[in-house]
Amino acid sequence: RRGLLAAAFAPAALMLLLGLSGKLVAAAAVSVPYGEWGNTWHTVVELSFWAQADLFAFGMAAAVLHVELEDGRLRLPSGWRLGALGAALGGYLVVATSTNVEEQLSSSPANTLMGLVCALVLALAVFATPGAARPNAFLRFLELRFLVYVGVASYSVFLWHGPLVRWLRAHDLTFAGGWGLLANSLVLLGVTLVLSTLTYRLV
């Protein structure tokens, strides 16, 4: 049994090590300012599977745990949700306080930590008790109609938001300062949702 579990987790461990090694190489290659990729080895490595493989590891490990839970071979402790939430918030705070706005996380171990944070949040939904008469508050939040719709059209959102940020910046349609961030986010959210809805429905 122990050997089977080791074999099941081995691909996730391999992906984690592969991604971290790629990040180390990308960081050793000439570092570039945030979002300014070009004809450099840093760009080649950072945007490759090599430097991003570690982000797949956490989902792969979660899939193994999910099968173990479904088959009754694993039971989570009673306070695991609180622990997962606390670890996720702690990991996020570590990244937020140890990096600056202009830092490129893709070639940093902080990016790996953010991958773990996202996996812990995902676990709160994926490892919910099946068939529970009353879903937990987190699941009820995720089932809000607006969030479900954004989830359905999420790939369109992903495709649109990056080019829109660059277009708004290039045409001086962004605002500066703390309140500017809020205004930019609201404008970007509105335009992105409209365009994402159109492409999701029509394409």
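The paragraphs below set out a description of the structure included in this document.

**Things to note about the nonpolar core**
- Of all hydrophobic cores here, the largest spans five residues; its members are Trp-80, Ala-84, Ala-123, Leu-124 and Phe-127.
- In contact with Trp-80, not counting residues within four places along its chain, are Ala-123, Leu-124 and Phe-127.

**Quick notes on the packing of aromatic side chains**
- The final tally for this structure, using the stated rule, is three aromatic pairs.
- Between Phe-49 and Phe-56, the ring centres sit 5.7 Å apart and the planes meet at 55 degrees, which makes this aromatic pair tilted.
- Judged by its relative accessible area of 45%, Phe-49 falls in the partly exposed class.

**Things to note about helix H6 (residues 109-126)**
- In this model, H6 (18 residues) spans 25 Å end to end at C-alpha, consistent with the 26 Å of a helix rising 1.5 Å per residue.
- Turning to H6, its buried residues number three or more, namely Ala-110, Asn-111, Thr-112, Met-114, Gly-115, Val-117, Ala-119, Ala-123 and Leu-124.

**A short note on unusual backbone geometry**
- Although it is not a glycine, Asp-172 sits at a positive phi angle of roughly 50 degrees.
- Position of Asp-172 among the secondary structure elements: in the loop between helix H9 (154-170) and helix H10 (177-202).
- Note on Asp-172: relative accessible area 68%, which makes it exposed.

**Examining the packing of helix H4 (residues 54-70) against H6**
- Close contact between H4 and H6 brings their axes to 8 Å; oriented N to C, the two are set at 25 degrees. The angle between H4 and H6 falls in the class roughly parallel. As H4 packs across H6, the resulting crossing turns out to be right-handed. Here Asp-54, Leu-55, Phe-58 and His-66 of H4 come into contact with H6, specifically with Asn-111, Thr-112, Gly-115, Leu-116, Ala-119 and Val-126.
- Taken together, the residues that form the contact of H4 with H6 break down as five nonpolar, four polar and one charged.

Quick notes on the rules
- Residues numbered from 1 in each chain as written.
- Predicted model: local features only at pLDDT ≥ 70, side-chain atom pairs only at ≥ 80, totals over all residues.
- Heavy atoms only, no water.
- Core = buried A, V, L, I, M, F, W, Y, C linked by side-chain atoms within 4.5 Å.
- Buried < 20%, exposed > 50% of the residue type's maximum accessible area, 1.4 Å probe, protein only.
- Contact = heavy atoms within 4.5 Å.
- Phe/Tyr/Trp six-rings, centres within 6.5 Å; stacked < 30°, edge-to-face > 60°.
- Helix = DSSP H or I, 4+ residues; strand = E, 2+ residues; numbered from the N terminus.
- Expected span 1.5 Å × (residues − 1).
- Axes fitted to C-alpha atoms, helices over the stretch in contact; angles between N-to-C directions.
- Parallel < 35°, antiparallel > 145°, perpendicular 65-115°, else oblique.
- Left-handed = near helix turned anticlockwise from the far one by under 90°.
- Nonpolar A, V, L, I, M, F, W, Y, C, P; charged D, E, K, R; others polar.

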